[in-house]
Amino acid sequence: MALKNVTDDSFDQDVLASDKPVLVDFWAAWCGPCRQLAPSLESIAAEHGDKIEIVKLNIDENPAVAARYGVMSIPTLHLYKGGEVVQTIVGAKPKAALERELADHLAWSPTACTGRFPTPPAPAPMTPSPTP
């Protein structure tokens, strides 16, 4: 599964305006650790795409966003919720370590999909007890 690429021009719409959390992978083609991280991110996206979106931003081709958020080394991952950075992960990590760090955002919650708790089933009708 290839991750979506975002650009300086599409960042605000694709990331900041998203209804669900977005994990942005700040990377570059020449970065070996970035290439090592990519399969783990693709796997997490495939398994948890209903809860979190994962996108890539090439800092060489799109330096404005990286500068705006002070990204000084790569790979750097920023998790955005409601247009704000809520978590930063720096460096290449194995998939299990990434999932542990993102666990709070990958866990299912009733509000994750609908924004509200599901409607409980209606109670069963009561039948009167026979009188002796």
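See above for the structure.
Just so you know, these numbers come straight off a predicted model, no measurement behind them. (Residues numbered from 1 in each chain as written. Predicted model: local features only at pLDDT ≥ 70, side-chain atom pairs only at ≥ 80, totals over all residues. Heavy atoms only, no water.)

Novice: I tried to follow the pattern of salt bridges on my own but got confused; where do I start?
Specialist: If the charged atoms of two oppositely charged side chains come close together, the side chains can form a pair. Enumeration according to the criterion identifies seven salt bridges in this entry. Arg-68 serves as the salt-bridge partner of Asp-12, at 2.8 Å between the closest nitrogen and oxygen. With Asp-12 in helix α1 (residues 11-16) and Arg-68 in helix α3 (residues 63-68), this pair connects stretches of sequence that are 56 residues apart. A salt bridge links Lys-95 to Glu-47, with the shortest nitrogen-to-oxygen separation between them at 2.6 Å. Of the two residues, Lys-95 is situated in helix α4 (residues 95-101) and Glu-47 in helix α2 (residues 32-48); the sequence distance between them amounts to 48 residues. Overall, the relative accessible area of 24% leaves Lys-95 in the partly exposed class. (Salt bridge = Lys/Arg side-chain N within 4 Å of Asp/Glu carboxyl O. Helix = DSSP H or I, 4+ residues; strand = E, 2+ residues; numbered from the N terminus. Buried < 20%, exposed > 50% of the residue type's maximum accessible area, 1.4 Å probe, protein only.)

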